[in-house]
Amino acid sequence: MRDYQSREVLAYLSSRMSDRQIAEAFEVSAPTIRYWRDKHGLPRSNFMSPGNLKYDTDQSFFASIDNPKKAYILGFIIADGSIHKNGKSVSIAIKESDGALLRMIAKELNCCAPLGRKICVGFGGIARATTVLHLCGRRLVADLNALGVFHDKSKSATYPSVPNSLERHLVRGMFDGDGYIGPRQFSLVGTDSLVEGVVEAVERHTGCRLSYSRKKTGHLYAVGSRKDRGAARWMYSEAPIALERKLIAFRAHWA
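Anyway, here's the lowdown on the structure attached to this text. (Residues numbered from 1 in each chain as written. Predicted model: local features only at pLDDT ≥ 70, side-chain atom pairs only at ≥ 80, totals over all residues. Heavy atoms only, no water.)

Looking at the overall build of the protein chain
Then, number 1: Within the protein chain, the regular secondary structure consists of 11 helices and eight strands.
Then, number 2: Along the first, second and third principal axes, the C-alpha set of the protein chain runs to 65 × 35 × 35 Å.
Then, number 3: Residue pairs at least 24 apart in sequence account for 67% of intrachain contacts in the protein chain once pairs closer than 6 positions are excluded. (Helix = DSSP H or I, 4+ residues; strand = E, 2+ residues; numbered from the N terminus. Contact = heavy atoms within 4.5 Å.)

This is how it looks when you write it as structure tokens:
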């Protein structure tokens, strides 16, 4: 059962959100929410929130990237987030088994929204269940835009400017979202500008020069091998926040 189909979830959200807002948060139609509300015998919501906020979230979170967790979450959103084209919200969808990371991210942003669930079609046409976090608010999106993160980020993403001391956390977020950590190499895929920015940052901090690889799909990869162990250590050693399975892979092969 998806969260919006739960009587308890709908009853809770109705005290904080309108039917339209609940529908937007779960990326379904308002009639779908009304259907489940009627099915459970719940009264229609008359909640009206000020402005464009859908539920509590720290709207100033990305106004200044001034600590490791903010830098990491920015990197993760650049790699694995989705900016809604209406400029009102950000969504992050990851494998259900990685859901603990979304709960950590939600906690950092003081976000009270429940995690959603949807089925996505992955590589090879294989369907998989994903856990979704919706972060709503125009100011939140505007600050991400100011950092170079837009709706079409898969084509336009650039390497953002953050304090030097926080770059390893930013890059780790990108690797956790769109990277690979294996026994013999680690790699990151992204736009040319983003990947080139990562390669430059890694070399500047560690002296390791990651190589480039262009796939037939046109995607550019930054690739590290055993000689670049220092780069992996720079990203993942003493990480205050990270995707657990990639942290485990780092410890097994690169620490």
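Description of the pairing of strand E2 (residues 89-95)
Then, number 1: Buried residues dominate E2, accounting for five of its seven residues.
Then, number 2: Alignment of strand E1 (residues 81-83) against E2, held across three bridges, turns out to be antiparallel. If you follow Gly81 over to E2, its bridge partner there is Ile92.
Then, number 3: Taking the residues between adjacent antiparallel strands as the criterion, E1 and E2 are bridged by five residues, where Gly87 takes a positive phi near 75°. (Buried < 20%, exposed > 50% of the residue type's maximum accessible area, 1.4 Å probe, protein only. Pairing = 2+ DSSP bridges.)

Considerations on the side chain of Asp176
Then, number 1: Among the secondary structure elements, Asp176 is positioned in helix H8 (residues 167-178).
Then, number 2: Buried charge Asp176 goes without a salt bridge, the closest partner of opposite sign being Arg172 at 5.1 Å.
Then, number 3: Excluding anything up to four places from it in sequence, Asp176 contacts Tyr72, Phe76, Tyr236, Ala242, Leu243 and Lys246. (Lys, Arg positive; Asp, Glu negative; His and termini not counted. Salt bridge = Lys/Arg side-chain N within 4 Å of Asp/Glu carboxyl O.)

Concerning the packing of helix H10 (residues 229-236) against helix H11 (residues 244-253)
Then, number 1: It is at 11 Å that the axes of H10 and H11 come closest, and there the two elements cross at 140°. On the basis of their axis angle, the class for H10 and H11 is oblique. The element H10 and its partner H11 pack so that their crossing is left-handed. Facing Arg229, Ala232, Arg233 and Tyr236 of H10, the residues of H11 in contact are Lys246, Leu247, Phe250 and His253. (Axes fitted to C-alpha atoms, helices over the stretch in contact; angles between N-to-C directions. Parallel < 35°, antiparallel > 145°, perpendicular 65-115°, else oblique. Left-handed = near helix turned anticlockwise from the far one by under 90°.)

Points about the packing of aromatic side chains
Then, number 1: In this structure the tally under the stated criterion is six aromatic pairs.
Then, number 2: Measuring from ring centre to ring centre gives 6.2 Å for Tyr72 and Phe76, while their planes differ by 25°; the resulting arrangement is stacked. With Tyr72 and Phe76 both in helix H4 (residues 68-80), this residue pair falls four residues apart, about one helical turn.
Then, number 3: With a relative accessible area of 0%, Tyr72 lands in the buried category.
Then, number 4: In this structure Phe76 comes out as buried when scored by relative accessible area, which is 1%.
Then, number 5: An angle of 85° between the planes, with centres 5.1 Å apart, marks the rings of Phe186 and Trp254 as edge-to-face. (Phe/Tyr/Trp six-rings, centres within 6.5 Å; stacked < 30°, edge-to-face > 60°.)

A short note on the environment of Leu109
Then, number 1: One can find Leu109 in the loop between helix H5 (99-108) and strand E3 (116-121).
Then, number 2: Sequence separation of Leu109 and Val9 is 100 residues, and the distance between their C-alpha atoms is 20 Å.
Then, number 3: If we ignore the near neighbours within four places in the chain, the residues touching Leu109 are Thr57, Asp58, Phe61, Phe62, Ile73, Leu135 and Leu140.

What about helix H1 (residues 7-14)?
Then, number 1: If you check which residues of H1 are buried, you get Val9, Leu10, Leu13 and Ser14. Viewed end-on, H1 has its buried residues packed into an arc of 125°, placing them on one side of the element.
Then, number 2: Looking at the buried side of H1, the elements it contacts are helix H2 (19-26) and helix H3 (30-39). (Arc of directions from axis to C-beta.)

Some remarks on the sheet that holds strand E7 (residues 211-214)
Then, number 1: Read across the sheet, four strands follow the order E5-E6-E8-E7 without closing on themselves; strand pairing throughout is antiparallel. This sheet does not close on itself; its edge strands, each paired only once, are strand E5 (179-181) and E7. Between one strand axis and the next, the sheet turns by 20° as a mean value, whatever way the strands run.
Then, number 2: Relative to strand E6 (residues 186-190), E5 runs antiparallel, the two sharing three bridges. Bridge assignment links Gly179 to a residue of E6, and that residue is Leu188.
Then, number 3: Those strands touched by H8 are E5 and E6, and its axis lies near 85° from that of E6.

A few points about the pattern of salt bridges
Then, number 1: Summed over all chains, the structure comprises nine salt bridges.
Then, number 2: Between Asp143 and Arg139 there is a salt bridge, with the nearest N and O atoms lying 3.9 Å from each other. Placement of both Asp143 and Arg139 in helix H6 (residues 138-146) is noted, with a separation of four residues, approximately one turn of the helix.
Then, number 3: With its nearest N and O atoms 2.9 Å apart, the salt bridge here joins Asp192 to Arg214. With Asp192 in helix H9 (residues 192-206) and Arg214 in strand E7, this pair connects stretches of sequence that are 22 residues apart.
Then, number 4: Because the salt bridges share partners, they merge into one network encompassing Glu167, Glu200 and Arg204.

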